[in-house]
Amino acid sequence: MRPAASQRHFPYKHPTFGTAKQPRADRAWQSSVYYMWWAYLRRSNRYLLTCAHGGQGELAELYTSFGDVRSDDFKNWWSSQSRGFRLFAEPKAIDSFRVVTQPSDLVLNEQTLVVSMPLALPKRFLMRKMGELLRDMHHGRRGVQSAKISRAKFQVVGQPNLPALKTALRVWDYRLENPTMPLWQIGQKLPNYKPQEKISMGDSHAIQVAKKNVLTATVSRYLRRAKCTIAATEIGSFPAAKAAFAGRTAGDTPRTAHRG
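Everything numeric in this text was worked out from a predicted model, so none of it was measured.

Student: In this structure, what is going on with the overall build of the protein? I would like to understand it.
Tutor: Across its full length, the protein holds 11 helices and zero strands. What you see in the protein, going N to C, is helices and strands ordered as α-α-α-α-α-α-α-α-α-α-α. Split into buried and exposed, the 260 residues of the protein put 39% on the buried side.

Quick look at the structure:
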């Protein structure tokens with residue numbers, strides 16, 4: 001029993017768009033890690049230059065998979081030539097629930113359970129034993145999707161923190177638009193950014209200085225995170241491992257704005 005293309009399995013929540021008559025809200029696809037991957041890749045000057053040259057350049061090999069990302073139309077990018085499935089879905093042999101009839105059909109890995117079931121035994125007994133086996137072997141929790149071992153062509157690294165990735169991208173874009181603004185002012189002016197750390201009219205001078213230092217540090221940290229994650233997309237990985245941006249000092253100033 002093999003799933004249709006639309007039923008292919010993704011290791012993480014994939015974007016859904018609804019229908020022409022009943023389109024889904026933007027958050028239905030913007031809350032997907034795959035949307036974030038696309039959004040970060042669009043901030044890569046090296047990749048955008050490759051797109052501008054029709055796929056020729058230093059990231060030409062990556063372009064053969066991800067194509068031109070300069071349009072704001074994520075749905076079209078994802079759907080064109082089944083790109084989302086080709087890049088991020090598990091191979092059919094892995095996400096299929098099927099009866100194995102010959103040794104060549106076996107898939108032996110950490111994400112597959114192979115069971116020999118004696119059909120001469122009562123169905124109720126077999127169903128109970130299968131339930132017990134799944135409880136022992138399947139460690140997922142309802143409503144929680146853990147980091148998984150994937151065989152997709154492009155694999156998400158670990159368990160991504162989507163809110164942090166979204167915040168880092170907001171900070172990155174604001175810095176692009178305001179390259180000379182002090183980092184603490186970026187944190188102060190960004191809507192809904194660290195409200196407990198923003199400077200208030202009634203704060204004393206000492207508290208204002210302390211809050212400026214905190215805002216500078218947090219904005220710098222998010223810029224480092226964004227820079228490293230953009231660099232990760234250039235090698236076909238997402239997001240950047242924490243070790244890539246841990247322990248560094250001030251983040252670099254982005255140079256080229258690209259909204260999306």
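Student: Which parts of the structure should I look at to understand unusual backbone geometry?
Tutor: Excluding glycine, a negative phi dihedral is what most residues carry, and trans is how most peptide bonds are arranged. The step from Phe-238 to Pro-239 runs through a cis peptide bond, and the omega angle for that step is -15°. Its place among the elements puts Pro-239 in the segment after helix H11 (205–233). Of note in the backbone geometry, Ser-82 takes a positive phi value of approximately 55° without being a glycine. Relative to the helices and strands, Ser-82 is located in the loop between helix H5 (74–79) and helix H6 (83–88). Although it is not a glycine, Asn-192 adopts a positive phi angle of roughly 60°.

Student: What should I look at first to understand the packing of aromatic side chains in this one?
Tutor: Aromatic rings in a pair are described by how distant their centres are and how their planes are angled relative to each other. Summed over all chains, the structure comprises 26 aromatic pairs. Geometrically, the ring pair formed by Tyr-34 and Trp-78 is tilted, given 5.9 Å between the ring centres and 40° between the ring planes. Here Tyr-34, found in helix H2 (residues 33–41), pairs with Trp-78, found in helix H5; they are 44 residues apart in sequence, far enough to count as distant. With a relative accessible area of 1%, Tyr-34 lands in the buried category. Trp-78 gets classed as buried once you look at its relative accessible area, which sits at 5%. Stacked on the ring of Trp-184, the Lys or Arg Lys-212 has its end atom at 4.4 Å from the ring centre.

Student: It is not clear to me how the packing of helix H9 (residues 162–177) against H11 should be interpreted in this structure. Could you clarify?
Tutor: Relative orientation and spacing of two packed helices are given, respectively, by the angle between their axes and the distance between those axes. At a minimum axis distance of 8 Å, the contact between H9 and H11 shows a crossing angle of 100°. Classified by the interaxial angle, the pair formed by H9 and H11 is roughly perpendicular. Across the interface between the two elements, Ala-164, Leu-165, Thr-167, Ala-168, Val-171, Trp-172 and Arg-175 of H9 pack against Val-219, Tyr-222, Leu-223, Arg-225, Ala-226, Lys-227, Thr-229 and Ile-230 of H11.

Student: Is there a simple way to think about the nonpolar core in this case?
Tutor: Buried together is how nonpolar side chains tend to be arranged in soluble globular proteins. Core analysis: the biggest nonpolar cluster contains 48 residues, and Tyr-40, Phe-66, Trp-77 and Phe-88 have the highest contact counts within it. Every element with two or more residues in this core is listed here: H2, helix H3 (45–52), helix H4 (60–66), H5, H6, H9, helix H10 (183–189) and H11. Ranked by the residues each element gives to this core, the list is headed by H2, at nine residues. Excluding anything up to four places from it in sequence, Tyr-40 contacts Leu-165, Ala-168, Leu-169, Ala-226, Thr-229, Ile-230, Thr-233 and Phe-238.

Thresholds applied
- Residues numbered from 1 in each chain as written.
- Predicted model: local features only at pLDDT ≥ 70, side-chain atom pairs only at ≥ 80, totals over all residues.
- Heavy atoms only, no water.
- Helix = DSSP H or I, 4+ residues; strand = E, 2+ residues; numbered from the N terminus.
- Buried < 20%, exposed > 50% of the residue type's maximum accessible area, 1.4 Å probe, protein only.
- Phe/Tyr/Trp six-rings, centres within 6.5 Å; stacked < 30°, edge-to-face > 60°.
- Lys NZ or Arg CZ within 6 Å of the ring centre and 35° of its normal.
- Axes fitted to C-alpha atoms, helices over the stretch in contact; angles between N-to-C directions.
- Parallel < 35°, antiparallel > 145°, perpendicular 65-115°, else oblique.
- Contact = heavy atoms within 4.5 Å.
- Core = buried A, V, L, I, M, F, W, Y, C linked by side-chain atoms within 4.5 Å.

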